[in-house]
Amino acid sequence: MDLVVGASNDAVKSLVNKLGSLLAQEYTLIQGVRDDIQYITDELASMQAFLNRLKRAPPPGGHDEQRLDWMKQVREVSYDIEDCVDDVDHRISGEPRGSGMVMYFHKKWYLLTTLYARHCIATEIRNLKTRAQHVSERRMRYGVKELQNNNDGCQVAGAIAPRDMVAPPPQLIGTTEPVGLEKAKEDLKPWFTDEGQQRFVAIVGFGGLGKTTLAMALYREFGEKFDCRACVLASQKFHLPTVLKTLIKQVHEQQSGASKNDLDGIEDWSEKELKKKLEDQLKKKRYLILIDDIWSVFAWENIRDSFTNKNQKGGTIVVTTRFKSVSEACRRHKGHVYEHQPLQDGDSYSLFLEIISSAAYGLCPARPINGEIINKTCRGLPLAIVVVAGLVASKMKSESKMSLDHHLAQVGEDLSQVLGNNLTTEGVTQILSHCYNHLPADLKTCLLYMSMFPKGCQISRKRLIRRWIAEGFISDKHGKTVEEVAEDCFNELISRNLIRAVNNSSNGKVKGCQIHDMVLEYIVSKSSEENFITVVGGHWQTPFPSYKVRRLSVQKSDGKGKENVERMKLSHVRSLTALGSLRALHSTFHKFQILQVLDLEGCKDLSLNQLKKICKMHQLKYLSLRRTDVEHIPSKISRLESLEVLDIRETTIIMLPESVDKLQRMEHLLAGNKKKRHALKLTEGITKMMALQTLSGVEICTGFSVELLRALQNLTNLKKFTIYKIGCTTANYELLLSAIEHLSSCSLKHLAIDDDFTGFLDTSLDASQAPPEHLHTLGLSGKLSQVPKWIGSLHNLEKLTLSLTSLTTYTLSVLAELPQLFSLIFSLDAIKKDTHILKFLHDNTLKSGGMIFVPAGGFIKLKLLCFVAPVLPPLSFLNGAMPGLQRIELRFRMLEGVYGLENLASIQQVVLTVSSQAPDDARAKTSQVKKLASMIPGKVKVPSVVIDEYNESAE
């Protein structure tokens, strides 16, 4: 029960700092209020010291009920005081300062107009002072005593993260196959390769056994043999229409010539209409459907009845479940049941070693480790193995003098006290609880916050980190910025395997993560218990909140969700996340007055009236309107003076009001839609946001004033700058180049420019006399006939994206000398089908001898090579080329050929993504590439080949 200590202590710590700031400001308060604030500050400081002692020295078996109840009271009164402090800052800020007769009258007018507000604040502070007194007295009255001195200074073993966390090296995710699934895949192979009938397969086993991992491995390996495939998460709160809509959308993406307009109104379709649409889509096709996590026979029967057996080509429907009743229902329907088994001892050892090697960043043992402890503790359960390995790795990093075997034995001994002879779902929960209790307090808070997101959701790393910062969970320390500390926290949760990286950006950093459903179930329960997060419409039943709601996540906006929200105490909500719809919040939206985080990503029913209400939420720090239907931002957004993050990507917003120049705390402005080539116009208001660190998705328009381009140089804190369009005249190219050069000499680390084939890259950027030598990532898209002459001086460059028009053998020989290059991408927008561009590509190939040759040597750190274009020229890898390359990705409609894959010494994965409009000869060459990759001689482990399809017409 260490959870409540950590969260309560964090609440008090944050508040003591705020109260100190309030006292330091020269607000004119009602007489006596300053003394009350000082009293509250002192009382809370004493409470914090007591909570720190409890956190350092939890008694065996956890804290008793009286102590837990007192800590909850501390937490609630702290939250209420914080709300009051923030209200003071808003209601009586702006007091006139200065001297003279005019200022004297200004002050008198201010005192008169704020008299009522100051009286209200005085009354509220006195009431809170009384509550703080009562909480303090209650501790002694009911015997909430300090712990014995013999525990003084103790701490939960492993609960302190390393003082200086080392950032993980850039790496690719998903290049290696899961451990121990070979036999299972071989046993199930006939159910995926035989044609001619519809068949059901149920994979059954308790939580943490790896059912989903097996199902996804089968889905990837055999998916290309089917005409179409789709997968969906079902979960405990099964809703058939939601499952059907997800399947229909995925199958639709794989239909040649399909348009997004074909699914207009799908959210309002009846169940019967959805079933009919799915049946029509699958007609005359062989299909593979994966439905993960079925919880009831009722859900299984609904799924079974949604797939008619009229299709002559047949298909395979795979379901995973924890419950034998579901698998037996499948068996009765002549389906196949596969009981998934724990890993063999040797596979358990291999998986543990793989996790330790990845998580401990080079602290892997030189000698064999004690496999007996692994087998006894984890009993072959993959989830148990990875979280225990993550815990042991964290101990190795914080106490490196001790051996791995010592740490492993210690963890094994601790867990043996709570685990029985047979490891069940409850046993896995006990392991998770042990790993959770060994987290530092800040990591506990960050992990609990993941319960804001629904089961199966892929969570963006940057989105999560920015929200942590806006919530106030992260503070700068050890000389690192808040962003760097937040990155450390994220990386530590990854290395402990409490969250799982699912894909990476091309710079080798984690891009998105997921949380295992058993871990999520555990932290949802913890968050509810602590009143940390309230979830509406989630996958698990949670009790109705008995306290004021502090953070709200609306994961399903149905009638029941709306009813639950209307019954809650919402005036103290600090963070609100709505997924997909605001339907459950329409009648209560006006109650959210002190929000700091508002995430409405994907909500298609956001009205202008609600947007105006958002502009009154004066404490907002994070606002995401991504993928909403918002078309413009009201001018009153200038009221949100605390706003630090504004995300309007994938909307139709192309202009911000000039009043945005008031948003002086704005650090990240994220705009534009790269696929649709929509961009936000750079305006004078944006150039006045002096705190900006990220400015992405902007357009440099025709008619820009000289002053505006010069003003761009004022954004000296800018670290990332992404230009989607350049429409200014050639006369202004020099000014734009000058601004880019100046920003590069300040803080800029990430630069991407698409000149939309206007010629800026070739005529101006190439001639730069002050190249951006400190860049970590660079993207140059559009008309680029050759790489800039200065590119060889970018010794810190890790990620490089270039227009395919620059691809020649000579280009590759130049880039081979970049010492830190991790990923290299050549791309060409699919809409650029002009004949002169195709001729450009053809001429480049002829200049290179009829084929693009990848030379031997160089590229010492390159791990990822990617080509994205409608037409790809012939590629040939010479012997010794790209010695460290692990993955090559090709996305195309036409492919002339890939040769020399056998010369890539470290290749692990080849990914081929083919257009739905690709001709037969391109598909034949795809199969040929796969065959060649599977026959590479001298490879102990043959590289995996992944073949997928994208709907070009929909894009």
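Along each chain, residues carry numbers from 1 onward, in the same order as the chain's sequence is written. Only residues with pLDDT of 70 or above have their local features reported here, since the model is predicted, and side-chain atom pairs are shown and tallied only from 80 upward, although totals for entire chains, interfaces and linings are computed over all residues. The basis for every side-chain value is the complete set of heavy atoms in the structure, and neither hydrogens nor water enter the calculation.

The name that an unreviewed UniProt entry assigns to the protein is AAA+ ATPase domain-containing protein, with the source organism given as Urochloa decumbens. UniProt positions are given in the numbering used here, feature names are shortened, and annotations may be inferred rather than shown by experiment. The heading Sequence similarities (unreviewed entry) in the UniProt record of the protein holds the text "Belongs to the disease resistance NB-LRR family."

Visitor: Just checking my understanding: could you explain the overall build of the protein for this structure?
Guide: Scanning the protein from N- to C-terminus turns up 30 helices and 31 strands. Between buried and exposed lies partly exposed: a residue is buried under 20% and exposed over 50% of the maximum accessible area for its type, with that area taken using a 1.4 Å probe on protein chains only. Taken across its 955 residues, the protein has 54% of its residues classed as buried. Here a residue-residue contact requires only that any non-hydrogen atoms of the pair lie within 4.5 Å. Look at the contacts in the protein between residues 6 or more apart in sequence, and 66% of them connect residues 24 or more apart. We get accessible surface area from the Shrake-Rupley algorithm with a probe of 1.4 Å; when it comes to residues, only the shown protein chains can shield them. When the accessible surface of the protein is split by element, carbon and sulfur atoms take 50% of a total near 40,900 Å². A run of H or I in DSSP counts as a helix once it spans at least four residues, and a run of E counts as a strand once it spans at least two, with each numbered from the N terminus.

Visitor: Honestly, the packing of aromatic side chains in this entry has me stumped. Any pointers?
Guide: The relation between two aromatic rings is expressed through the spacing of the ring centres and the mutual angle of the planes. Two rings belonging to Phe, Tyr or Trp (six-membered ring only in the last case) form a pair when the distance between their centres is within 6.5 Å. Interplanar angles under 30 degrees mark stacking, angles over 60 mark edge-to-face geometry, and anything in between is tilted. Evaluated as defined, the whole model comprises ten aromatic pairs. Relative to Phe473, the ring of Tyr449 lies with its centre 5.3 Å away and its plane at 80 degrees, an arrangement referred to as edge-to-face. Remark: Phe473 occurs in the loop between helix 19 (461-471) and helix 20 (482-495) and Tyr449 occurs in the loop between helix 18 (441-448) and strand 6 (459-460); sequence separation between them is 24 residues. An identical accessibility class is assigned to Tyr449 and Phe473; each is buried. For the pair Phe589 and Phe592, a centre-to-centre distance of 6.2 Å together with 65 degrees between the ring planes defines the contact as edge-to-face. Each member of the pair, Phe589 as well as Phe592, carries the same accessibility label: buried. Following the ring pairs from residue to residue traces out a cluster consisting of Tyr449, Phe473 and Phe532. For a Lys NZ or an Arg CZ to count as sitting over a ring, it must be within 6 Å of the ring centre and within 35 degrees of the ring normal. Above the ring of Tyr219, the side-chain terminus of Arg229 is found at 5.5 Å from the ring centroid.

Visitor: Would you explain the pairing of strand 24 (residues 864-868) in this entry?
Guide: Regular strands place their side chains on alternate faces of the sheet. Buried residues dominate strand 24, accounting for four of its five residues. Strand direction decides the pairing type here: strand 22 (residues 823-827) and strand 24, joined by five bridges, are parallel. Residue pairing for strand 24: Leu824 is matched across the bridge by Leu865. Looking at chain direction, strand 24 and strand 27 (residues 887-892) are connected through five bridges and run parallel. Residue pairing across strands places Leu865 opposite Ile888, the latter belonging to strand 27. Paired strands, as defined in this entry, are two strands with at least two bridges between them according to DSSP.

Visitor: Before we go on, may I ask you to explain the sheet that holds strand 6 in this structure?
Guide: Backbone-to-backbone hydrogen bonds pair the strands of a sheet. The strands run either parallel or antiparallel. Taking strand neighbours across the sheet as the criterion, the three strands line up as 6-8-7 in an open arrangement whose pairing is antiparallel. Strand pairing shows two members of the sheet lacking a second neighbour, strand 6 and strand 7 (500-504), which therefore form its edges. Strand direction decides the pairing type here: strand 7 and strand 8 (residues 510-514), joined by four bridges, are antiparallel. Its bridge partner being in strand 8, Asn504 is matched across the sheet by Val510.

Visitor: Looking at this structure, how should I read the pattern of salt bridges?
Guide: Pairing between side chains of opposite charge can happen when their charged atoms approach one another. The term salt bridge refers to a side-chain nitrogen of Lys or Arg lying within 4 Å of a carboxyl oxygen of Asp or Glu. Counting across every chain of the model gives 35 salt bridges. We note a salt bridge from Lys245 to Glu267, for which the minimum N-O separation is 3.6 Å. Within this pair, whereas Lys245 is found in helix 9 (residues 240-253), its partner Glu267 is found in the loop between helix 9 and helix 10 (271-282), the two being separated by 22 residues in sequence. By relative accessible area, Glu267 is classed as partly exposed at 49%. The closest approach of N and O atoms between Asp517 and Arg322, which form a salt bridge, is 3.6 Å. Placement of the pair is Asp517 in helix 21 (residues 517-529) and Arg322 in the loop between strand 4 (315-321) and helix 12 (324-332), with a sequence separation of 195 residues.

Visitor: Is there a simple way to explain helix 14 (residues 371-378) in this structure?
Guide: Given 3.6 residues per helical turn, the α-helix brings residues three or four places apart onto the same face. Along helix 14, the positions that sit buried rather than exposed are Gly371, Ile373, Ile374, Thr377 and Cys378. All buried residues of helix 14 project into a common sector of 160 degrees when viewed along the axis, lining one side. Exposed side chains of helix 14 directed beyond 90 degrees from the buried face belong to Glu372 and Lys376. Following helix 14 by one or two positions, Arg379 has its phi on the positive side, about 55 degrees. The arc in question is formed by the directions pointing from the helix axis toward the C-beta atoms.

Visitor: What exactly am I supposed to notice about the sheet that holds strand 4 here?
Guide: Taken together, the five strands give an open sheet; going across it, the order is 2-3-4-1-5, and neighbouring strands pair in parallel fashion. Whereas interior strands pair on both sides, the edge strands pair on one side only; in this sheet they are strand 2 (228-235) and strand 5 (336-339). Adjacent strand axes in the sheet meet at a mean angle of 15 degrees, parallel and antiparallel pairs treated alike. To get an axis, a line is fitted to the C-alpha atoms, and for a helix only the part in contact is used. The angle between two axes follows their N-to-C directions and goes from 0 to 180 degrees.

Visitor: Which parts of the structure should I look at to understand the confidence of the model for the protein?
Guide: Atomic detail in the predicted coordinates should be set aside for any region of low pLDDT. Summary of the metric used: pLDDT quantifies the predictor's per-residue confidence within the range 0 to 100. Summing up the model confidence of the protein, the mean pLDDT is 82 and the portion of residues at 70 or higher is 83%. Contacts of residues 149-158 to residues separated by more than four positions or lying in other chains number 17 contacts, the stretch itself having pLDDT below 50.

Visitor: Any chance you could explain the packing of helix 15 (residues 382-398) against helix 17 (residues 425-437) here in plain terms?
Guide: Two quantities define a packed helix pair, namely the angle between the axes and the distance from one axis to the other. Orientation of helix 15 relative to helix 17, taken along the N-to-C sense of each, is 15 degrees, at an axis distance of 10 Å. Our classification of the angle between helix 15 and helix 17 gives roughly parallel. Crossing hand, helix 15 versus helix 17: left-handed. Contact residues: Leu383, Ala384, Val387, Val388 and Leu391 in helix 15; Val428, Ile431, Leu432, His434 and Cys435 in helix 17. When its residues are assigned to classes, the contact of helix 15 with helix 17 shows nine nonpolar, one polar and no charged. Here the angle decides the label: under 35 degrees means roughly parallel, over 145 means roughly antiparallel, 65 to 115 means roughly perpendicular, and every other value means oblique. Less than a right angle of anticlockwise turn of the near helix away from the far helix marks a crossing as left-handed, whereas a clockwise turn marks it as right-handed. Three classes are used: nonpolar for Ala, Val, Leu, Ile, Met, Phe, Trp, Tyr, Cys and Pro, charged for Asp, Glu, Lys and Arg, and polar for all others, with Gly counted as polar.

Visitor: Even after reading the chapter, I still don't get a positive patch on the surface, so can you show me in this structure?
Guide: Exposure above 30% relative accessible area and the absence of a salt bridge qualify a residue for a patch, where like charges join within 9 Å and nonpolar side chains (Val, Leu, Ile, Met, Phe, Trp, Tyr) within 5 Å. Only four residue types enter the tally: Lys and Arg on the positive side, Asp and Glu on the negative side; His and the chain ends are excluded. In this description, the location of a charge corresponds to atom NZ of lysine, CZ of arginine, CG of aspartate or CD of glutamate. On the surface, Lys612, Lys616, Lys636 and Arg639 cluster together to form a positively charged patch. With respect to the secondary-structure elements, Arg639 resides in the loop between strand 13 (622-624) and strand 14 (645-647).

Visitor: I'm lost on the environment of Ser575 in this one. Help?
Guide: On the secondary structure map, Ser575 appears in strand 11 (residues 575-578). In the structure, Ser575 is positioned 105 residues away from Ala470 in sequence and 9.6 Å away in space, judged by C-alpha atoms. Beyond its immediate stretch of four places on either side in the chain, Ser575 contacts Tyr449, Met452, Arg467, Glu471, Arg550, Arg551, Leu552, Leu595 and Val597.

Visitor: What is the right way to read the state of the cysteines from this model?
Guide: A covalent bond bridging the sulfur atoms of two cysteines is what the word disulfide describes. Disulfides are defined as cysteine sulfur pairs within 2.5 Å. Inspection of every chain in the model, using the stated rule, returns zero disulfides. Here Cys489 is not disulfide-linked; the sulfur of Cys446 is the nearest cysteine sulfur, at 4.6 Å.

Visitor: Is there a simple way to explain helix 16 (residues 404-416) in this structure?
Guide: A helix's residues, less one, multiplied by 1.5 Å, set its expected span. Taking 1.5 Å per residue, 13 residues should reach 18 Å; helix 16 reaches 18 Å between its end C-alpha atoms and fits that length. Here helix 16 has its buried residues at Leu404, Asp405, His407, Leu408, Val411, Gly412 and Leu415. Seen end-on, helix 16 carries its buried residues on one side only, within an arc spanning 160 degrees.

Visitor: What am I meant to see in the packing of helix 18 against helix 20 here?
Guide: In the contact formed by helix 18 and helix 20, the axes pass within 10 Å of each other and the chain directions differ by 80 degrees. By the angle class used here, helix 18 and helix 20 are roughly perpendicular. Between helix 18 and helix 20, the contacting residues are Asp442, Leu443, Cys446 and Leu447 on the first element and Cys489, Glu492 and Leu493 on the second. Residues belonging to the contact of helix 18 with helix 20 are distributed by class as follows: five nonpolar, no polar and two charged.

Visitor: I keep staring at unusual backbone geometry and nothing clicks. Help me out?
Guide: Leaving glycine aside, a negative phi is the common case for residues, and trans is the common case for peptide bonds. Phi angles above zero are rare outside glycine, and Lys334 is one such case at about 65 degrees. Examined against the element boundaries, Lys334 turns out to sit in the loop between helix 12 and strand 5. Accessibility expressed as a relative area gives 79% for Lys334, which makes it exposed. Phi at Asn531 is positive, roughly 55 degrees, even though this residue is not glycine. Within the secondary structure, Asn531 sits in the loop between helix 21 and strand 9 (534-536). Taking relative accessible area as the criterion, Asn531 reaches 4% and is therefore assigned buried.

Visitor: Explain the side chain of Ser876 here, please?
Guide: Tracing the chain through its elements places Ser876 in strand 26 (residues 875-877). Residues within four places of Ser876 in sequence aside, it is in contact with Met851, Ile852, Phe853, Val854 and Tyr899.

Visitor: Explain the environment of Leu864 to me, please; I cannot follow it from the model alone.
Guide: Along the chain, the position of Leu864 falls in strand 24. A relative accessible area of 4% means that Leu864 is categorised as buried. As for Leu864 and Asn507, which are separated by 357 residues in sequence, their C-alpha atoms are 8.9 Å apart. Contacts of Leu864, omitting those with residues within four sequence positions, involve Leu172, Ser506, Phe822, Ser823, Leu824, Leu885, Arg887 and Glu889.

Visitor: How should I be thinking about the environment of Ser803 in this particular structure?
Guide: Take Ser803: it is sitting in strand 21 (residues 799-803). Residue Ser803 is classed as buried on the basis of its relative accessible area of 1%. Leave out the neighbours within four places in its chain, and Ser803 touches Leu780, Ser781, Gly782, Leu784, Phe826, Ser827 and Leu828.

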